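Structural description and commentary
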Amino acid sequence: MNSPAVPPAVGTALTPTGYRVTRADLVRYAGASGDFNTIHWSDRAALAAGLPGVIAHGMLTMALATRFAGEWSGDPTSVVECSVRFQRPVMVPDDDDGVEVQLSGEVIDVIGDVAVVALSAQTADGPVLGGATAHVRFTSAMGG
Amino acid sequence: MALNRDMIGKTCTSPGFYVVGREKIQEFAAAVGYTHPIFHSAETARDAGHPDVVAPPTFAVIVTAGSAEPLLFDPEFRLDYSRVVHGEQRFRHTRPITAGDHLSTRSRIVSVRDVGRNEIVETETEVLDRSGDVVCVAVNVIVSRGTAAAEAAL
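Residues numbered from 1 in each chain as written. Chains lettered and ligands numbered in written order. Predicted model: local features only at pLDDT ≥ 70, side-chain atom pairs only at ≥ 80, totals over all residues. Heavy atoms only, no water.

Focus on the overall build of chain A
Here is the rule: Per the convention used, a helix needs a DSSP run of H or I reaching at least four residues, while a strand needs a run of E reaching at least two, with both numbered from the N terminus. The contact criterion used is simple: two residues touch if any of their non-hydrogen atoms lie within 4.5 Å.
Per the secondary structure count, chain A includes 3 helices and 6 strands. Element order for chain A, N to C, with α for helix and β for strand: β-α-α-α-β-β-β-β-β. Its C-alpha atoms put chain A at 50 × 30 × 25 Å along the principal axes. In chain A, once contacts between residues fewer than 6 apart in sequence are set aside, the share between residues at least 24 apart is 67%.

Right, here's the structure in full:
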């Protein structure tokens, strides 16, 4: 196994990155995760639930946040802990463009070989996650 | 109607094992756009010191999402699912989940609190491998909208 390494310093910013989510992605994530809640594929169901339209699975947004943190560290298995509060639903229009979720972040603490990263996920409507963090473990073989 | 606080501390365990398959990991990874070969190739995963294909972070939701349902949907709890939204989610791993893992879960209602008009329910789920070791601890917070006792009595 790789030995522990010193993570990037507190204040290090992660390069903001956009992730596109379409209705097709919601279908694929529903199948992959087993979450077949109708508000994630049916406008009729979403409206009946008081939503303006179909929304993304909160867990899909969380997965994008951890993917962002893992891509930053260079080791996708380095995200040992992640935590989010679901602040606002992500509306996904039924078109080819879908919605872009913008991820950004900053190292807010370093505990041994682990960087604690505060993550922010936004769409054009505003922040979708609150208090989102990832604990990213750094080892000597890692890049980035 | 307010939630039954007598359910706090109650636990439940999954009846059998969820066997983690390579193809399921690949399907999940593709759905979120995790393209790194460690999530798709057993050879890459083994070269990195893992027994088989590695599951991405949040994959554990597949086993944790329904793990507390015997507690939450117990009529004694009085939860109206139509009023529930997912508030928070946390995963803390001792090791990554990999293909071949036989996973079981042990869930507990940790707390039920009033926050304004709402009730907030926190459940904790331990995800165990076949030898009984904890692979991951998941904390799930749901919001039961408008059911806080003071509001319900109006």
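Examining the overall build of chain B
The condition that has to hold: Three exposure classes are used, based on accessible area relative to the maximum for each residue type with a 1.4 Å probe and protein chains only: buried under 20%, partly exposed in between, and exposed over 50%.
A tally of helices and strands in chain B yields 5 helices and 6 strands. Beginning at the N terminus, the succession of helices and strands in chain B can be written as β-β-α-α-α-α-β-β-β-β-α. The dimensions of chain B, computed from C-alpha atoms along their principal axes, are 60 × 30 × 20 Å. The 154 residues of chain B split such that 49% are buried. Across chain B, contacts joining residues at least 24 apart in sequence account for 68% of those joining residues at least 6 apart.

Some details on the interface of chain A and chain B
Test applied: Buried area: the accessible area, evaluated with a 1.4 Å probe, that two parts lose upon being put together, summed over both parts. The salt bridge definition used is simple: a Lys or Arg side-chain nitrogen within 4 Å of an Asp or Glu carboxyl oxygen. Polar contact is defined as a pair of N or O atoms within 3.5 Å, subject to the rule that within protein one atom must be able to donate a hydrogen and the other to accept it, and that residues adjacent in sequence are counted only when both atoms are side-chain atoms. Only Asp, Glu, Lys and Arg are considered charged in this grouping, and only Ala, Val, Leu, Ile, Met, Phe, Trp, Tyr, Cys and Pro are considered nonpolar; every other residue, Gly among them, is considered polar. When DSSP finds two or more bridges between a pair of strands, those strands are recorded as paired.
Taken together, the contact pairs 23 residues of chain A with 25 residues of chain B. Carbon and sulfur atoms supply 63% of the area that chain A and chain B bury against each other, a total of about 2,200 Å² over both sides. Looking at the side of chain A facing chain B, the largest losses of area belong to A32(A), M59(A) and P76(A), adding up to 23% of the total buried there. One can count 0 salt bridges joining chain A with chain B. Here chain A is connected to chain B by 12 residue pairs in polar contact (both at pLDDT 80 or more). Looking at the side of chain A that touches chain B, the elements that each hand over two or more residues are α1 (23–33), α3 (58–73) and β2 (79–86) of chain A. Taken together, the residues of the side of chain A that touches chain B break down into 13 nonpolar, 5 polar and 5 charged. When β2(A) meets strand β3 (residues 84–93) of chain B, the two strands line up antiparallel, connected through 5 bridges. Bridging across to β3(B), C82(A) finds its partner in F91(B).

A look at the side chain of S144(B)
Here S144(B) shows up in strand β6 (residues 134–144). Contacts of S144(B), omitting those with residues within four sequence positions, involve L3(B), L79(B), R83(B), N118(B) and E119(B).

Re the pattern of salt bridges
Opposite charge on two side chains lets them pair, provided their charged atoms get close. Under the defined criterion, the tally for this structure stands at 15 salt bridges over all chains. One salt bridge connects R20(A) with E100(A), and the closest N-O pair in it is separated by 3.5 Å. With R20(A) in strand β1 (residues 13–21) and E100(A) in strand β3 (residues 99–111), this residue pair connects regions lying 80 residues apart in the sequence. When its relative accessible area of 45% is taken as the criterion, R20(A) is described as partly exposed. The partly exposed category is assigned to E100(A), whose relative accessible area is 34%. D129(B) is the salt-bridge partner of R95(B), the closest N and O atoms lying 3.1 Å from each other. In this pair, R95(B) sits in the loop between β3 and β4 (102–115) while D129(B) sits in the loop between β5 (118–128) and β6, placing the two residues 34 residues apart along the sequence. Residue D129(B) is classed as buried on the basis of its relative accessible area, which comes to 10%. Counted as one network, the salt bridges with shared partners bring together R5(B), D114(B) and E119(B).

Some details on helix α1 (residues 22–32) of chain B
As a reminder of what qualifies: Arc definition: it is the arc formed by the directions from the helix axis to the C-beta atoms.
Taken together, the buried positions of α1(B) are occupied by I25(B), F28(B), A29(B), A31(B) and V32(B). The buried residues of α1(B) occupy an angular sector of 160 degrees when the element is viewed end-on, so they sit on one face. Structurally, α1(B) contributes buried residues whose contacts are with α1 and α3 of chain A together with α3 (61–64) of chain B. Just downstream of α1(B), G33(B) is the residue with a positive phi angle, here 85 degrees.

Regarding α1(A)
Those residues of α1(A) not exposed but buried are R23(A), L26(A), Y29(A), A30(A), A32(A) and S33(A). Structurally, α1(A) contributes buried residues whose contacts are with β1, α2 (43–48) and α3 of chain A together with α1 and α3 of chain B. Positive phi appears at G34(A), one or two residues downstream of α1(A), with a value of about 85 degrees.

Considerations on the environment of T123(A)
Residues and elements named next belong to chain A. Mapped onto the fold, T123 is located in strand β4 (residues 114–123). C-alpha of T123 to C-alpha of H135: the two residues are 12 residues apart in sequence and 23 Å apart in space. Beyond its immediate stretch of four places on either side in the chain, T123 contacts V90, V99, E100, V101 and V128.

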